[in-house]
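Here is what each chain is made of, one letter per residue.
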Amino acid sequence: MKAGCRTPALICGEGFSAFLHKHCPAVAETFSPTPWCWGGRLQTLVCALLKSRPSVNYRNELIRTVDGGQISLDWVDNRASVTYPESSTRPTVLILPGLTGNSQQSYVLHAIHQATRRGYRCVVFNNRGLGGEELLTPVTYCAASISDLDRVVCHVKGLYPHAPVLGAGVSMGGMILLNYLGRKRTESGLVAGITISTAWDAMKSSDSLEEPLNWLLFNKYLTNGLCRSVTRHRKILEKVVDVEHVLKAQTVREFDERFTTLLFGYKSCVEYYRDASPAKKLPTTTVPILCLNATDDPFSPQRAFPVSIVQGLPNVALLLTAHGGHIAFLQGLFPRGEGYMERLLGQFVEAVFENPTDIKEACGLNEDEQSE
């Protein structure tokens, strides 16, 4: 993709491409970023500072895990839905936030507005220890672990067995979602997935974030957020890690070396990053997946994009914009409200839920090849 190109590049099979062009007009839009905010770093920073935070009223639910832990789910039931007045069949969007994110992030709030105004239900999966909940066991979360997501999907499907569920993962949430879909295959319980600003190769992402300017602007902030979470749950986590050593981490990689690899049984950070990277798991996915990335994303470098892998898959679409940064994709002179990212998500969610047979055919999926 050329750096100056404003039309997003859509990489996918012919059938999926035709479906997306028909039902998701944003894929063919001319994407013009905010004129005073072109660079990926600036887009990322400005989005964090300016983006509006729509009002959302959640219903919180705590569910227990097999190991005695708890997961916090924030629901928006949308009981006023005119399109789907019956709760039992109302489609559900399951949202997975980023590395240190939760249901209060602006991108989550905007995603919920996109879905609920179309009549759908939403549930946000807050990773353990985030969203204000206490850790009951010395187990947190990582990009490679899918057990908690599996628990959440089973819970949601148990409550509403006749309602389709679509997964929407942002940044690390997208990594978890793709790893889940790749490993569960036809048993995922989801009808489709969409990811935004996913890091395709954890090692290359780490290298990019350790470039001096990226470290100063982003890596340091993320590392501090991770360390604050460890401090908050210090009493239970000090049973399994050297908390003082962890809190001296200066980068996300150092944090993962001192904390994540130990908690999840990896021999090294290299082994963890290899397992966490979702690109090579795409061939084993069995549902339609749309992945949005910007080529100037400092968190997910262009050299890591799985272009060659996606080109051989009928059910995965990679949508690349020349600009947009990380979870930003800002448009307009004063980009506080809905932008390209939100519009695309809303269109894809509607396309999946309202055209279930068409999208399966477009992606070459038979009924017995896709989870219901």
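Residues numbered from 1 in each chain as written. Predicted model: local features only at pLDDT ≥ 70, side-chain atom pairs only at ≥ 80, totals over all residues. Heavy atoms only, no water.

## Structural notes on the packing of aromatic side chains
And step 1. One pass over the full model with this rule turns up 9 aromatic pairs.
And step 2. Judged by centre distance (5.3 Å) and plane angle (45 degrees), the rings of Tyr266 and Tyr272 are tilted.
And step 3. The class for Tyr266 is buried, based on a relative accessible area of 17%.
And step 4. In this structure Tyr272 comes out as buried when scored by relative accessible area, which is 4%.
And step 5. Counting every residue linked through ring pairs, the aromatic cluster contains Phe31, Phe329 and Tyr340.
And step 6. One residue, Arg121, lies across the ring of Tyr160, its end atom 3.6 Å from the ring centre. (Phe/Tyr/Trp six-rings, centres within 6.5 Å; stacked < 30°, edge-to-face > 60°. Buried < 20%, exposed > 50% of the residue type's maximum accessible area, 1.4 Å probe, protein only. Lys NZ or Arg CZ within 6 Å of the ring centre and 35° of its normal.)

## A look at the pairing of strand β7 (residues 192-196)
And step 1. With 5 of 5 residues buried, β7 is to be regarded as a mostly interior element.
And step 2. Taking every second residue as pointing to the same face, both faces of β7 are buried, with Ala192, Ile194 and Ile196 on one and Gly193 and Thr195 on the other.
And step 3. In terms of strand pairing, strand β6 (residues 165-170) meets β7 through 5 bridges, oriented parallel. Its bridge partner being in β7, Val170 is matched across the sheet by Ile196.
And step 4. Handedness of the β6-helix α5 (residues 172-184)-β7 crossover: right-handed. (Helix = DSSP H or I, 4+ residues; strand = E, 2+ residues; numbered from the N terminus. Pairing = 2+ DSSP bridges. Right-handed = clockwise from strand over helix to strand, strands pointing away.)

## As for the sheet that holds β7
And step 1. Spatially, 9 strands are ordered β1-β9-β8-β7-β6-β4-β5-β3-β2 in an open sheet, and the strand pairing comes out mixed. Among the strands making up the open sheet, the edge pair consists of β1 (9-11) and β2 (59-64). Pairwise comparison of adjacent strand axes, ignoring direction, gives a mean angle of 20 degrees for this sheet.
And step 2. The strands touched by helix α13 (residues 340-354) within the sheet are β4 (92-96), β6, β7, β8 (289-294) and β9 (316-321), with β7 carrying the most contacts at an inclination of about 175 degrees. (Axes fitted to C-alpha atoms, helices over the stretch in contact; angles between N-to-C directions. Contact = heavy atoms within 4.5 Å.)

## Quick look at the environment of Leu96
And step 1. By the secondary structure assignment, Leu96 is in strand β4.
And step 2. If sequence neighbours within four positions are ignored, Leu96 has contacts with Phe125, Leu149, Ala168, Gly169, Val170, Gly173, Ile176 and Leu177.

## Overview of the state of the cysteines
And step 1. On inspection of all chains with the given rule, the structure shows 0 disulfides.
And step 2. Here Cys154 stays free of any disulfide, with the sulfur of Cys142 as its closest cysteine sulfur at 19 Å.
And step 3. The class of Cys154 is partly exposed, set by a relative accessible area of 48%.
And step 4. Left without a disulfide partner, Cys291 is nearest to the cysteine sulfur of Cys12, which lies 11 Å away. (Disulfide = S-S within 2.5 Å.)

## Describing helix α11 (residues 269-276)
And step 1. Looking at α11, one finds that the buried residues are Cys269, Tyr272, Tyr273 and Ala276. For α11, the arc enclosing every buried residue in end-on projection is 95 degrees, short of the 170-degree limit, so these residues lie on one face.
And step 2. Each element contacted by the buried residues of α11 is listed here: α5, α6 (202-209) and α10 (252-263). (Arc of directions from axis to C-beta.)

## Overview of the pattern of salt bridges
And step 1. In total, this model carries 16 salt bridges according to the counting rule given.
And step 2. A salt bridge links Glu29 to Arg343; the shortest N-O distance between them is 2.9 Å. Of this pair, Glu29 sits in the loop between α1 (14-23) and α2 (40-50) while Arg343 is found in helix α13, placing the two residues 314 residues apart along the sequence.
And step 3. Judged by its relative accessible area of 21%, Glu29 is partly exposed.
And step 4. For Asp148, the salt bridge identified is with Arg128, shortest N-O distance 2.7 Å. Of the two residues, Asp148 sits in helix α4 (residues 147-159) while Arg128 sits in the loop between β5 (121-126) and α4, which places them 20 residues apart along the sequence. Comparing Asp148 with Arg128 shows no difference in burial state: the two are buried.
And step 5. When salt bridges with common partners are traced through the structure, they connect Arg59, Asp77 and Arg79 into a single cluster. (Salt bridge = Lys/Arg side-chain N within 4 Å of Asp/Glu carboxyl O.)

## Brief notes about a nonpolar patch on the surface
And step 1. Taken together, Trp36, Leu333 and Phe334 make up a surface patch of nonpolar side chains, about 380 Å² in accessible area.
And step 2. Looking at the secondary structure, you find Leu333 in the loop between β9 and α13. (Patch = residues over 30% accessible without salt bridge, like charges linked within 9 Å, V, L, I, M, F, W, Y side chains within 5 Å. Areas by Shrake-Rupley, 256 points an atom, 1.4 Å probe, with all protein chains shown as cover.)

## A word on a positive patch on the surface
And step 1. Together, Lys204, Arg274, Lys280 and Arg303 make up a region of like positive charge exposed at the surface.
And step 2. For Lys204, a relative accessible area of 31% corresponds to the partly exposed category. (Lys, Arg positive; Asp, Glu negative; His and termini not counted. Charge placed at Lys NZ, Arg CZ, Asp CG, Glu CD.)

## A look at the packing of helix α7 (residues 212-232) against α10
And step 1. At a closest axis distance of 8 Å, the pairing of α7 and α10 adopts a crossing angle of 30 degrees. Here α7 is positioned roughly parallel relative to α10, judged by the angle of their axes. Mapping the contact onto sequence places Asn219, Leu222, Thr223, Leu226, Cys227 and Val230 in α7 and Val252, Phe255 and Phe259 in α10.
And step 2. Across the contact of α7 with α10, the residue classes break down as 7 nonpolar, 2 polar and no charged. (Parallel < 35°, antiparallel > 145°, perpendicular 65-115°, else oblique. Nonpolar A, V, L, I, M, F, W, Y, C, P; charged D, E, K, R; others polar.)

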